[in-house]
Structure formats: C-alpha cells, structure tokens
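Chain by chain, the residues:
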Amino acid sequence: MQNEWAIETKTIQCGWEPKNGEPRVLPIYQSTTYKYDSAKEVAMLFDLEAAGHMYSRISNPTCEALENKIAALEGGVGALVTSSGQNASTIAITNICSCGDHFIAAGAIYGGTVSLFTNTLKKMGIEVTLVDASLSIEELKTYFKPNTKALFGETIANPALDILDFEKLSSLAKMMQVPFIVDNTFATPYLCRPFEHGADIVIHSATKYLDGHAISVGGVIVDKGTFDWTNGKFPEFTTPDKSYHGIVYSEKFGALAYIIKARVQWIRDLGSYLSPMNAFLTNVGMETLHVRMDRHCENALKLATFLESHPKVSWVNYPGLPSHKHFGRAQKYLKGASGVLTFGVKGGMAEGEKVMNALKLAAIVVHVADVRTGVLHPASMTHRQLSKEEQALAGVTPDLIRVTVGLENSNDIISDFDQALNTI
Ligand SMILES: *Cc1c(COP(=O)(O)O)cnc(C)c1O
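Summarised in this report is the structure supplied together with it. These figures come from a predicted structure and were not determined experimentally.

Thresholds, definitions, all that
Residues numbered from 1 in each chain as written. Predicted model: local features only at pLDDT ≥ 70, side-chain atom pairs only at ≥ 80, totals over all residues. Heavy atoms only, no water. Salt bridge = Lys/Arg side-chain N within 4 Å of Asp/Glu carboxyl O. Helix = DSSP H or I, 4+ residues; strand = E, 2+ residues; numbered from the N terminus. Buried < 20%, exposed > 50% of the residue type's maximum accessible area, 1.4 Å probe, protein only. Lys, Arg positive; Asp, Glu negative; His and termini not counted. Contact = heavy atoms within 4.5 Å. 1 Å grid on protein atoms, 1.4 Å probe; cavity = no way out; pocket = protein on both sides within 12 Å on 5 of 7 lines; lining within 4 Å. Points joined across faces, edges and corners; volume = space filled by probe spheres on them. Nonpolar A, V, L, I, M, F, W, Y, C, P; charged D, E, K, R; others polar. Domains from an automatic or database assignment.

## Remarks on the pattern of salt bridges
- Tallying each qualifying case throughout the model produces 16 salt bridges.
- We note a salt bridge from Lys252 to Glu49, for which the minimum N-O separation is 3.4 Å. Within this pair, whereas Lys252 is found in helix 10 (residues 249-253), its partner Glu49 is found in the loop between helix 2 (39-46) and helix 3 (61-74), the two being separated by 203 residues in sequence.
- The partly exposed category is assigned to Lys252, whose relative accessible area is 37%.
- On the basis of relative accessible area, Glu49 is assigned to the partly exposed category, the value being 49%.
- A salt bridge links Lys332 to Glu167; its shortest N-O distance comes to 2.5 Å. Placement of Lys332 in helix 14 (residues 327-333) and of Glu167 in helix 7 (residues 166-175) is noted, with a sequence separation of 165 residues between them.
- With a relative accessible area of 48%, Lys332 lands in the partly exposed category.

Structure below.
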C-alpha cells in the first residue's frame, strides 16, 4: 500500500510504523545500546548474520525511521543517515573509490563539496576531475580513465542554479559503467526524484529543506539498488571483506550491498552516524516538506520576478524564470524551481554589500533552505576557499548575492528587498 501513496502522504506516514499500543509519534530512542537475551544473538549481529540494532554508532530506531521515510520518498531500497551532508558526500564516494581511484564531478556544485573533493579526498589518494557539465557527451567521455569509478552532480547546483542534464549524464554514466551520484539537496524528493531520471545514488544535506527550520545538521545517502557492482570495476563489492570474516557484499546483500557496506564499514569506522535527537528533529521537519516546498517555490518566483523588473538590479538567476538558461530543463525535471535565487546589482559587489546590509527582514546567514529569508555572498563566504578558476566553474561571480527565500508573506519579502535596493 505504501508504495502507492502520493508523496504528500509518504512525508507524513512513512518511516515510523508503530505497532499496537506504541507511541503514535516517532520517539527519540536516546539509547546507545540494545538488550538481547543471549550472547549468541549479539554475536550474530556482529557477523551480519542477523539484522537488528547493536550500538547507536551504527544504527538506531529513531534514525532508522528517518532512513525509511527518505528511502520511501526517493524510491530507493535503503538509506543511511549521517552526521552532515558533507559526511554523506564523503561516504558516498569512499564507499566506491579507494586510494588510486578517480571520479568525475560537475564543476557547478557546492563549495564545501569542491573543497572536500579536491583537497581532502585527494589526501586519501582519490582524485577528482571537475568538468563543465554543459560539454557534449563525446567531450565528457574523454575525461574518463580506466580507474574512474563514479560521476557526481547536483540536481540544482548551489549556487549556480544550473539544472542537471539528467538524460545526458545518466546515459554517460551508463555507457562508462559507473554509478551516477546526485546531490538532491536543493530540489528535495518533493520537487525531483533523481532515480526516475537515471541516478543510481542520491545524497542530501538534510540540514537544508528536509529539516527546513535551520535546527539540525544532518545528511543522508539513498541507494536505488539497481547498479551492477559485479561489472568488474568494483572489487570491494565482489571480493571478501576481511573485517567481516570474508563477507562478499554483492553476494550476501544483493540490492542492499551499497548501503549495508557504507554502514558497516564507513559508519562503523568513522563514527559519523546521525544522532537520534537530530533524526527526530529532521523527521518533524519532513512531515511538512510538501507544504513548505510549494510555498518556497511560490515566494521565490514572486521575488525573482520583482527583482528582474527592478531598475537597480543588473541580473537575476532563478530556474523558474523563463529567462533562465535551463528553464526548459527545470520544467522537464522539477515540480518547482525551489526557494533559492541569485542576483547582482548595478555597481557590482560594492553596491551589493550595501543592499545586503540594508535588508531588515532578510538576515545575512551562512545557511540556506529554511523558513526564514536570508542572503549570503558566496565569493567571500561559502566559496571563499575556492580558487578563482574553481569559483568560475561553480558559477560564483564576485557580484553574486544568493537569496534563500523563506515562508514569510511574499509582499513583506519583496518590500524588504525594494527598500534595501532603494538605498543605493
Ligand atoms: C549544504 C550543502 C552540503 C553540505 O551539507 P552540510 O549538511 O552542511 O554538511 C552539500 N551539498 C549541498 C548542495 C549543500 O547545499
């Protein structure tokens, strides 16, 4: 029955399924440990011979309910919640790539992800090539090497707001026999379901719209469960893991191999599981995801339309505007263009800074995707650590102001930007 529910029903009903007499609302299982009647049962858990909670560094009932909800929304076979979106990106890659491996990522992605990929994963011997995803499939193919193990991109790029060309990139990944990993943070499963457009693995910064209230940092990895790990490129899935008495993940777990391996190797060893309290908060946020996202889209479109007609504004970038370079693609893949827009003012960043400082309702925040309207200047904030070339590839120009449009009354939001623009 659950599979047939509409997404509005799933956001509320999926995940926590109380049995007779149990709490109706998902409880916070604030326990590190779990009771079993015999030593043998615990030994079987350690050997992955039985499923069950053992220790909250690896799994927990509150977190599991959130995992099941997100897996249901994305249409995946399983999910794994992590301490942050950054950790989800890290594990999504390290679960596939080892020292000596290579992967390809679209250049227009979140600055923190660029730093992770180009600096920290590099220290682990994993090499990334950032590419211009607008190149043709033939040109993109030339970046692949024998040790290339994955292709990575964002549904709606933060903050370039490019819309991923799912059709092209998923066929490229298929042709090169590597998984297509999509960061679906800005779209959420309400606005886009990447598995329906050829993605193999989806990740989220749950800190953003899934939580939606700026109260909890978290991440999630979801697996569609259909990628063929036995195609010869992924020995970690098809050869014995000596840390589990020689288990072979693809044989033992089939469609669940990727998520189980991520949990029992990476989460076990790095200790970066989500806390039950944060899973609870994220779950409460997600219960209204569909209602919030409709309004975020509506308010963002109204503000974008207003800014586009304002004499002090030099350009506006919002995928819901017909003037956006990927408007057609947004119509094709998204139910709405989400709540983030960017713009520049005449006079460049010097004037832009004055506008940001003059805003009263919209605050300057290092955050995006919650109920409150906020602004940020990526070149000096989120994308500050990137080189000039990386900034250009990420679509970050010096004058770009990113707006996360909240759920306040749209007239109040527009008035605030109007008064701030009129100060310059
Ligand atoms: C914020 C963000 C991340 C990182 O997530 P954290 O929860 O802050 O670690 C990754 N991808 C995108 C698109 C983001 O916006």
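Let us keep going from here.
## Considering the side chain of Glu74
- Tracing the backbone through its elements, the reader meets Glu74 in helix 3.
- It is Arg193 that comes nearest to the buried, bridge-free Glu74 among opposite-charge side chains, at 6.0 Å.
- Not counting residues within four places of it along the chain, the set of residues in contact with Glu74 comprises Asn184, Pro189, Cys192, Arg193, Pro194, Phe195, Val202, His204 and Val222.

## What to know about the layout of surface pockets
- Computed from the structure, the largest pocket encloses a volume of approximately 720 Å³.
- Lining of the largest pocket is provided by 26 residues; of these, Ala51, Gly52, Ser59, Ile260 and Arg263 occupy positions nearest its centre.
- Listing elements by their share of the lining of the largest pocket, those giving two or more residues are helix 2, helix 3, strand 1 (78-82) and helix 11 (257-270).
- No other element matches the 5 residues that helix 11 contributes to the lining of the largest pocket.
- Among the residues forming the lining of the largest pocket, the class breakdown is 16 nonpolar, 5 polar and 5 charged.
- The calculated volume of the second largest pocket comes to roughly 340 Å³.
- In this structure, the second largest pocket is lined by 24 residues; those nearest its centre are Ala108, Ala160, Asp162, Lys325 and His326.
- Per-class residue counts for the lining of the second largest pocket are 11 nonpolar, 7 polar and 6 charged.
- Two domains share the lining of the second largest pocket, each providing at least three of its residues, namely domain 1 (7-285) and domain 2 (289-421).

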